[in-house]
Amino acid sequence: MKKDKNGMTAKHNKELTRREFIRLTAAAGASLPLVSWPRQATAAERGRKSIIIHSERPVTSLGYHNRRDTEHVAIADAGLASQNPVTLERYPVLAEELPSIKKGTWKIDKQKRTMVTVYRLRSGLKWHDGKPYSSKDFEFGWQIAKHPEFPMPDRLVPDLIAKIETPDDRTIVIHWKGLYQEAHAIQYTQVRAFPRHLLQDAFNAGDIKAFANHPFWNRQFVGAGPYRVVDWQGGKLTVFEAFNDFVFGRPKIDRITLRQIDDSNTSLAAVLAGEVDLCMRNTISFDGAMILRGQWEKEGKGKVFISPASWTWLNLSRDNPWFKDVRVRRALFHAVDRNALVQNVFRGEDLASHFPLSRIRRAYKKALASATVYDYNPEKAKQLLAEAGWRPGPDGVLANAKGERMEIEFRARAGQRDDEQAQAVIADYWQKIGARVRINNMPRRLLESSENRNRWPGAFIGSHNMTVEEWAERFHSKNIPAAENKFVLENVSGWRDPRKDAILDELKSIISDEREDELQVEFVKLFTDSLPHLPLVYSPEILVVKRGLTGVMPRQESGGQNASTWNTYQWDKV
């Protein structure tokens, strides 16, 4: 297949046309058997309600660790509390109520910088296997999370807990060795219970590596969520059945089949063929969403929701010495016309982003006023590169004093149409100022392999949530991926700055709303000055909901605390 000057094949650069739309519609049935799925008709034949969901993430675990996805976990498990992703309000789930200072169940000693929170479990809680759910199971879950050899990606909450007391089967008394803003609403992503009757012996055996790979974490998973796992096919497909004894009552939908789909055109074909009830995350591209809105939605076949819930960035490798010079990072950012990029890829939607803070947050306007904004300015880019020692050679390609040519390997996830389109636009801008770009896109399985996980030699387009409560995971110096942590930590930029770390630490403490806003503004100032990532756009999260499925709502922010599947027990198929 013919390639363009950036090494991109034509299929990467062209938009989905009306003709392609018609072709996809006609060939939808033919394109679905790319993966062989088990027949799902039996539930419908028995008059039961079942739905099929497409998501993009391969999953190996429903626990704390390995490749996990909040959407899967929210279906299969539950915590003491949860968060409504539409209103961002916290509410109790397995706990009767959230601890409060007023009621004396949240006690804070600011002088000693310690706290105590008391959670009372609802009565009659059960695990999926029918065994009683106990406060001691929560204490056990904390013991797992804090074990130094267990591959826990975020130890903030486990490490802040000094001890847990369980005076009876329904009472959890948590003693904190620091002040923590979210101590009154611990969610399943932070610390949760696991069934001692199934895991205690394996944990006590002491082989934590074997324990972390126990089949319990996926195909044998037993949780307390609205649905139980009945089939697990290597993370490519998971089948869930309604749990009769869920805390809020038996869900209305009997069966959920969740399929992992890498290619957005495959999901688009499935929607057009009527083979899927819900597409979430990035299983439908922006182009696909526009086509569905223009035809499929107008025909009353379903609803397309688009919300700027997450954040897409471009990272210049933390391991490449060229990019340690902030002038080079700023130059490559000035070289890109993001307004034109948004027009080209997202049809002029107001999605340009300058930093990882949602527009719905209180501090956003003040943060924007204080931020450094990098407008399109190719002359400024060339000036900065010259100051950093990069000058055009005889062939126009930038080179430094060592004779190294600025040839950048540029990666994105193969099949992620929006990212590939943005990548092609950015590569063209960089070539105009003298850089040379080699496209090397990979499927998710290769990007997340031990060889490539969270590192790249040149540039990479990625995305994650912009939730303030998870900034520390993404940006704290202690969370830089490295060999000793198997490259699973999430500060992929390698950003080190003690001022920034102090801000992130204080944000997790007990502070006023005013102080919280001040810290967010200070963080944004540091971020836009240092440019650990080059912010591109607010990623449009696309939910495609087939007519007849009710209860699904688009979330305001993505992230582990904001699952689109947070209320599956309320969904219905009518």
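Here the structure is shown first, and the text comes after it.
Trainee: Is there a simple way to explain the sheet that holds strand β18 (residues 534-546) in this structure?
Mentor: Backbone-to-backbone hydrogen bonds join strands into a sheet, with any given pair of strands oriented parallel or antiparallel. Overall, mixed pairing links the 10 strands, which are arranged β8-β9-β10-β1-β11-β18-β12-β17-β15-β16 in an open sheet. The sheet terminates laterally at β8 (227-233) and β16 (436-439), the two strands that pair on one side only. As defined by bridge partners, strand β15 (residues 407-411) adjoins β16 across 4 bridges and the pair is classed as parallel. Residue I408 lies in a different strand from β16, and its bridge partner there is V437. Where helix α11 (residues 326-334) meets the sheet, its contacts fall on β12 (302-316), β15 and β18, and the angle it forms with β18 comes to roughly 55°.

Trainee: Could you clarify how one ought to interpret the environment of T105 in this entry?
Mentor: For T105, the position within the fold is in the loop between β3 (90-92) and β4 (106-109). For the pair T105 and H184, spaced 79 residues apart in the sequence, the C-alpha separation amounts to 8.9 Å. The residues contacting T105, other than those within four sequence positions of it, are L98, P99, S100, V116, T117 and V118.

Trainee: For this particular structure, what's the right way to read the sheet that holds β4?
Mentor: Reading across the sheet, the 4 strands line up as β4-β5-β7-β6 and stay open at both edges, with antiparallel pairing between neighbours. Only two strands of the sheet have a single partner each, and these edge strands are β4 and β6 (161-168). Strand-to-strand twist across the sheet, computed as the mean angle between neighbouring axes with direction ignored, equals 15°. With 5 bridges connecting them, β6 and strand β7 (residues 171-176) associate as antiparallel partners. Each bridged residue has a counterpart across the sheet, and for E165 the counterpart in β7 is V173.

Trainee: Would you take a moment to explain the pairing of strand β1 (residues 50-55) for this structure?
Mentor: Of all 6 residues in β1, 6 are buried, a share of seventy percent or more. Judged by which residues are buried, β1 turns out to be covered on both faces: S50, I52 and H54 on one side and I51, I53 and S55 on the other are all buried. Across 6 bridges, the pairing between β1 and strand β10 (residues 255-260) is parallel. The residue of β10 that forms the bridge with S50 is R255. In this sheet, strand β11 (residues 278-279) lies alongside β1 in parallel orientation, the contact comprising 2 bridges. Bridging across to β11, H54 finds its partner in C279.

Trainee: Quick question: what am I supposed to make of the pairing of β10 here?
Mentor: Successive residues of a regular strand alternate their side chains across the two faces of the sheet. The element β10 is extensively covered by neighbouring structure, given that 6 of its 6 residues are classed as buried. Every second residue of β10 is oriented toward a common face, with R255, T257 and R259 on one face and I256, L258 and Q260 on the other, all of them buried. Looking at chain direction, strand β9 (residues 237-242) and β10 are connected through 5 bridges and run antiparallel. Following the sheet pairing, T238 is matched in β10 by L258.

Trainee: Please clarify how the side chain of D77 should be interpreted in this entry.
Mentor: Relative to the helices and strands, D77 is located in the loop between α4 (70-76) and β2 (81-83). In terms of polar contacts, D77 uses its side chain to reach the backbone amide nitrogen of A224, at 3.0 Å.

Trainee: Help me understand the packing of aromatic side chains, please; the structure alone is not making it clear to me.
Mentor: What describes a pair of aromatic rings is the distance from one ring centre to the other and the angle between the planes of the rings. One pass over the structure, following the stated rule, counts 35 aromatic pairs. For the cation-ring pair, K146 lies above W142, with the distance from its terminal atom to the ring centre recorded as 4.8 Å. Directly above the aromatic system of W495 lies the positively charged group of K500, at a separation of 5.0 Å from the ring centroid.

Trainee: Honestly, the packing of α11 against helix α14 (residues 378-387) in this entry has me stumped. Any pointers?
Mentor: A pair of packed helices is characterised by two quantities: the angle between their axes and the separation of those axes. At their nearest, the axes of α11 and α14 sit 8 Å apart, and the two run at 160° to each other. Regarding the angle of α11 to α14, the classification is roughly antiparallel. Crossing hand, α11 versus α14: left-handed. Each of R327, V328, R330, A331 and H334 in α11 lies in contact with α14, whose residues at this interface are P378, K380, A381, L384, L385 and E387.

Trainee: Would you mind going over the side chain of S55 with me for this structure?
Mentor: Topologically, S55 is positioned in strand β1. For S55, a relative accessible area of 0% puts it in the buried group. Beyond its immediate sequence surroundings of up to four residues, S55 is in contact with D69, L258, R259, Q260, I261, M280, R281 and T283.

Rules used in this analysis
Residues numbered from 1 in each chain as written. Predicted model: local features only at pLDDT ≥ 70, side-chain atom pairs only at ≥ 80, totals over all residues. Heavy atoms only, no water. Pairing = 2+ DSSP bridges. Helix = DSSP H or I, 4+ residues; strand = E, 2+ residues; numbered from the N terminus. Contact = heavy atoms within 4.5 Å. Axes fitted to C-alpha atoms, helices over the stretch in contact; angles between N-to-C directions. Buried < 20%, exposed > 50% of the residue type's maximum accessible area, 1.4 Å probe, protein only. Polar contact = N/O pair within 3.5 Å; in protein donor to acceptor, adjacent residues only side chain to side chain. Phe/Tyr/Trp six-rings, centres within 6.5 Å; stacked < 30°, edge-to-face > 60°. Lys NZ or Arg CZ within 6 Å of the ring centre and 35° of its normal. Parallel < 35°, antiparallel > 145°, perpendicular 65-115°, else oblique. Left-handed = near helix turned anticlockwise from the far one by under 90°.

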